[in-house]
Number of protein chains: 2
Amino acid sequence: MNIILLSGGSGKRLWPLSNDIRSKQFIRIFKTEDGGYESMVQRVYRQIKTTDPNAAVTIATSKTQVSAIHNQLGEGVGISVEPDRRDTFPAIALATAYLHEVMGVPEDEAVVVCPVDPYVEDDYFQMLQNLADQAAKGEANLVLMGIEPTYPSEKYGYIIPASTAAVSSVETFKEKPDIKTAQDYIAQGALWNGGVFAYKLRYVLDKARELLQFTDYADLFNRYSSLEKISFDYAVVEKEPYIQVMRFGGQWKDLGTWNTLTEAMDEPTIGEAVLNDVCENVNVINELNVPIVCMGLKDVIVSASPEGILVTDREQSSYIKPIVDQIEQQIMFAEKSWGSFRVIDVEEGSLTIKVTLNPGHSMNYHAHQRRDEIWNVISGEGTVIVDGMEQPVRAGDVVTMQAGCRHTVFAVTELKMIEVQLGEEISVHDKQKFDLES
Amino acid sequence: MNIILLSGGSGKRLWPLSNDIRSKQFIRIFKTEDGGYESMVQRVYRQIKTTDPNAAVTIATSKTQVSAIHNQLGEGVGISVEPDRRDTFPAIALATAYLHEVMGVPEDEAVVVCPVDPYVEDDYFQMLQNLADQAAKGEANLVLMGIEPTYPSEKYGYIIPASTAAVSSVETFKEKPDIKTAQDYIAQGALWNGGVFAYKLRYVLDKARELLQFTDYADLFNRYSSLEKISFDYAVVEKEPYIQVMRFGGQWKDLGTWNTLTEAMDEPTIGEAVLNDVCENVNVINELNVPIVCMGLKDVIVSASPEGILVTDREQSSYIKPIVDQIEQQIMFAEKSWGSFRVIDVEEGSLTIKVTLNPGHSMNYHAHQRRDEIWNVISGEGTVIVDGMEQPVRAGDVVTMQAGCRHTVFAVTELKMIEVQLGEEISVHDKQKFDLES
């Protein structure tokens, strides 16, 4: 099975765990069998590989997420990197071209496209296979998944099928309705449009040739930032006469708010938390290394990360976006392809971060124009390169780097450092990358 | 006026702002005219000095609080240091001896003793003067303040006065009652015993001679740790026949719980906090440098410090002690006589702290047996001494110190450093102090 997972943009609906660079799908919140936690993207990827070990998975995403994806899924996963965000039609066209040209999937094979963040069980992935099989038959150009609604939601578009058969042609599409209209649609047998569909590669490549003057993958990639922003639904789905819908009655949850996300937690708390016995329906997700104590709360969600602390009534949690949009703050932590970093002190004229490099990884060879840096190695072993000079480092070693000096570090074992940055204008943009001469 | 302020022990009733080393009276929570915040001890000290600029204030406290007192009140305040905690009779005896022998107050002068943490207005300090004046007259050996009760509290002992006169003899004392009994006491005209009283120095010095084999201050200080723990009420007050009570009807609040403390706040929030407009009766005290967002909460108090995060219903906040007593954690921040420190990263084998030295101050000249240290100066200017060698330091300088090496730093301007500690057994007890040869 060929799958394109659409890994959507960043957002603050799950602040302080999601932020401008960490999207909700990377939050590790689901308990795994070994007692750890996995994120939505890790959960979905694991489920796909359990259902079909040979599944060829391509993640369509922007370059800002590439580091986090490699951090969470390893280096082996296919990624169709979008130079910037142009909505779903350009993204799906680019990923389809990637699948065909880079991964070598023939034009008449089918591919399934689905979002990276549904909270679903194994039957969903069996249904993806069914969608792909149905698309491969060629009865229709597009085969959509229609999810049987469990309540009259205002959050989804609706598909009105021509019949109640397992596979039916589509009568019409409906935009996100109000509750009353949603009730009417459901009475007519409408299904939710969850943005899941299958097609033969050729179909989307042809659409891209027609609508985007597509010649090949490299061309599309290079012109990507100049493409019009347009959704796949609007550009393709709603205009396609040869279209079918396959109904799905299994579990399908969109964990887009704190309220829905915490409902999917296996235990009420993650991280250090103490709740007194008067607490009722309280969830705590604590990414800090100090305890959270809750007393006498009801229907409350508490979440803490290096970015901040949220304390919210469950119902109110869906109104978070405009509130946290007011908050201006720098990024306090991030997962990178080579490991992670966390800001531990902010002062005028200095910034102190904790850097963790995974074994066998190194950061880019780089320099800063406007700041000096000091590395204090606190654990592990590695090799530092400063202006071309290599030296081994271990816990207790200190490396000082003046502005302009090129540097990197390679982790032999997991390597942790306290990095002190000093300068009047410390900015993430003050970074020049260089090739390492070997 | 001579005043002894009893600065009580540490406790966790106001966790995470109070802890094993920071008592509630040092929490900066009351808005000052210049827009900053002052603690209870700072507020009371300022109020005393406003009422009587010549007041001789002696703070009776254990040595663990000396640094915090100097940090908050400066070096000029008198401190009677208790070698350890022996309850109030030994503490008051020691402070009285200190006042007489060290500060030179004659035996027939009066002194007022009061706790350091009542939340009161200027009329209270006028009343302290009245108490001292009454004690100076010599009509009684002890003159107590009797506070007119505002509700039938179970938290205080009661004084039954012989009459309703402004100054009366005492008929009897009553232990902390239940609510019903408290109502009965109040119907009889009882007053709260707030632990405020005045006497001539000679009276307590004689009691100390009689009960503690007191010879002089140095003797009492040296034997202090072997003295029996006994309260002044039990040892002295309840046995004294020549005793008067002076009634006080002004504001007197004991801010011992989060609920009472937050009621005294001038504004609902301190520190970075955003409350949506559905929040009702919510207080936030945030000592972290990241925002706290509250949505849809009612009657809730949120408090965050480097030690942890508390989210509590107002009423429930009085039950905090057994809950936080379960939590084992290291001290994450402290105010010292020379400045302050804060733990910013904890790892096995390393501890990273941020140190701030006030201008003109230095830490002890000291060494550690089991850890190396690295100082990364991030702002300010100072002088470092390492194994007797002096060197000036400024932002960007790095000083490495092996285990066993003696070191200190003197701040010329405010000096901030990131200190990385490395070793297998990092402990606050691994510290040897040395004299600096000049």
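Residues numbered from 1 in each chain as written. Chains lettered and ligands numbered in written order. Predicted model: local features only at pLDDT ≥ 70, side-chain atom pairs only at ≥ 80, totals over all residues. Heavy atoms only, no water.

Regarding the interface of chain A and chain B
Of the residues lining the interface, 52 residues belong to chain A; the matching set on chain B comes to 52 residues. With both chains or domains summed, chain A and chain B bury close to 4000 Å², and 69% of this area falls on carbon and sulfur atoms. Considering only the side of chain A, the residues that lose the most area to chain B are Met295, Ile309 and Val311 of chain A, jointly responsible for 17% of the buried surface there. The interface formed by chain A and chain B holds six salt bridges in total. Here Lys416 of chain B and Glu347 of chain A are joined by a salt bridge, their closest N and O atoms 2.9 Å apart. Summed over the shared surface of chain A and chain B, the result is 19 residue pairs in polar contact (both at pLDDT 80 or more). A per-element tally of the side of chain A that touches chain B places strand β19 (residues 308-313) of chain A first, with six residues. Among the residues making up the side of chain A that touches chain B, the classes are represented as 34 nonpolar, 12 polar and six charged. In the sheet, β19 of chain A pairs with strand β17 (residues 292-295) of chain B via four bridges, with the strands oriented parallel. By the bridge assignment, Ile309 of chain A is partnered in β17 of chain B with Ile292 of chain B. (Contact = heavy atoms within 4.5 Å. Buried area = accessible area lost by both parts, 1.4 Å probe. Salt bridge = Lys/Arg side-chain N within 4 Å of Asp/Glu carboxyl O. Polar contact = N/O pair within 3.5 Å; in protein donor to acceptor, adjacent residues only side chain to side chain. Helix = DSSP H or I, 4+ residues; strand = E, 2+ residues; numbered from the N terminus. Nonpolar A, V, L, I, M, F, W, Y, C, P; charged D, E, K, R; others polar. Pairing = 2+ DSSP bridges.)

Describing the relation of the copies chain A and chain B
Note on the copies: chain A fits chain B at an RMSD of 0.0 Å, the axial shift is 0.0 Å, and the rotation between them is 180°. With respect to symmetry, the two chain copies, as superposed, fit the operation of a two-fold axis. Relative to the rotation axis, the C-alpha of Ile344 of chain A is the closest in chain A, positioned 3.0 Å from it. Looking at the interface residues of chain A, 100% of them are also at the interface in chain B, so both copies use one shared face. (Least-squares fit on C-alpha atoms with pLDDT ≥ 70 in both.)

Details of empty space enclosed by the protein
One pass over the structure, following the stated rule, counts two cavities of 30 Å³ or more. Each pocket or cavity is described by its volume, and for the largest cavity that value is around 40 Å³. Lining of the largest cavity is provided by Ile29, Lys31, Tyr37, Met265, Asp266, Glu267, Thr269 and Ile270 of chain B. Grouping the constituent residues of the lining of the largest cavity by class yields four nonpolar, one polar and three charged. Put simply, the second largest cavity is a space of about 30 Å³. Lining the second largest cavity we find Ile29, Phe30, Lys31, Tyr37, Met265, Asp266, Glu267 and Ile270 of chain A. Considering only residue class, the lining of the second largest cavity consists of five nonpolar, no polar and three charged. (1 Å grid on protein atoms, 1.4 Å probe; cavity = no way out; pocket = protein on both sides within 12 Å on 5 of 7 lines; lining within 4 Å. Points joined across faces, edges and corners; volume = space filled by probe spheres on them.)

Regarding the sheet that holds strand β27 (residues 398-401) of chain A
Paired through their backbone hydrogen bonds, the strands of a sheet run either parallel or antiparallel. Residue and element names in this part refer to chain A. Strands sit in the order β20-β21-β22-β29-β24-β27 across an open sheet of six strands; the sheet is antiparallel. A single partner strand is all that each edge strand has here, and the edge strands are β20 (333-336) and β27. Each strand axis lies, on average, 20° off the axis of its neighbour in the sheet, ignoring direction. Note: strand β21 (residues 339-347) against strand β22 (residues 350-357), eight bridges, orientation antiparallel. (Axes fitted to C-alpha atoms, helices over the stretch in contact; angles between N-to-C directions.)

Concerning the sheet that holds strand β22 (residues 350-357) of chain B
All names here are of chain B. The six strands lie next to each other as β20-β21-β22-β29-β24-β27, forming an open sheet whose pairing is antiparallel. The open sheet has two edge strands, β20 (333-336) and β27 (398-401), and neither has a second partner. Within the sheet, the average angular offset between the axes of one strand and its neighbour, ignoring direction, is 20°. Two elements, β20 and strand β21 (residues 339-347), share four bridges in a ladder whose sense is antiparallel. Bridged to Glu335 within β21 is Ser340. Taken strand by strand, helix α2 (residues 66-73) contacts β20 and β21, and its axis lies near 70° from that of β20.

Points about the packing of aromatic side chains
All told, the structure shown has 28 aromatic pairs over all chains when counted by the stated rule. Pairing Trp192 of chain A with Trp252 of chain A gives two aromatic rings, centres 6.0 Å apart and planes at 55°, and the pair type is tilted. Linking Trp192 of chain A in strand β11 (residues 191-200) with Trp252 of chain A in strand β13 (residues 252-254), this pair joins segments that are 60 residues apart in sequence. Judged by centre distance (6.1 Å) and plane angle (40°), the ring pair of Tyr217 of chain A and Phe221 of chain A falls under tilted. Taken together, the residues Tyr217 of chain A and Phe221 of chain A, both in helix α7 (residues 217-223) and four residues apart, mark about one turn of the helix. On the basis of relative accessible area, Tyr217 of chain A is assigned to the buried category, the value being 16%. Through a chain of ring-to-ring contacts, three or more aromatic side chains come together here, namely Phe89, Phe197, Tyr199 and Phe232 of chain A. Above the face of the Phe434 of chain A ring, Arg406 of chain A is positioned so that its terminal group lies 3.6 Å from the ring centre. Over the ring of Tyr234 of chain B we find Lys239 of chain B, and its NZ or CZ is 4.9 Å from the ring centre. (Phe/Tyr/Trp six-rings, centres within 6.5 Å; stacked < 30°, edge-to-face > 60°. Buried < 20%, exposed > 50% of the residue type's maximum accessible area, 1.4 Å probe, protein only. Lys NZ or Arg CZ within 6 Å of the ring centre and 35° of its normal.)

Considering the nonpolar core
Among the nonpolar cores identified, the biggest contains 72 residues, and Cys294, Val311 and Leu357 of chain A together with Cys294, Val311, Leu357 and Met417 of chain B are the most heavily contacted of them. In contact with Leu357 of chain B, not counting residues within four places along its chain, are Trp338, Ser362, Met363, Val409, Ala411, Thr413, Glu414, Leu415 and Met417 of chain B. (Core = buried A, V, L, I, M, F, W, Y, C linked by side-chain atoms within 4.5 Å.)

Re the packing of helix α3 (residues 88-102) of chain A against helix α6 (residues 201-212) of chain A
Residue and element names in this part refer to chain A. Direction vectors running N to C along α3 and α6 enclose 125°, while the axes themselves pass 9 Å from each other. Classified by the angle between their axes, α3 and α6 sit oblique to one another. Between α3 and α6 lies a crossing of left-handed hand. Contact residues: Phe89, Pro90, Ile92, Ala93, Thr96, Ala97, Leu99 and His100 in α3; Leu201, Val204, Leu205, Lys207, Ala208, Leu211 and Leu212 in α6. Of the residues assigned to the contact of α3 with α6, the class counts are 12 nonpolar, two polar and one charged. (Parallel < 35°, antiparallel > 145°, perpendicular 65-115°, else oblique. Left-handed = near helix turned anticlockwise from the far one by under 90°.)

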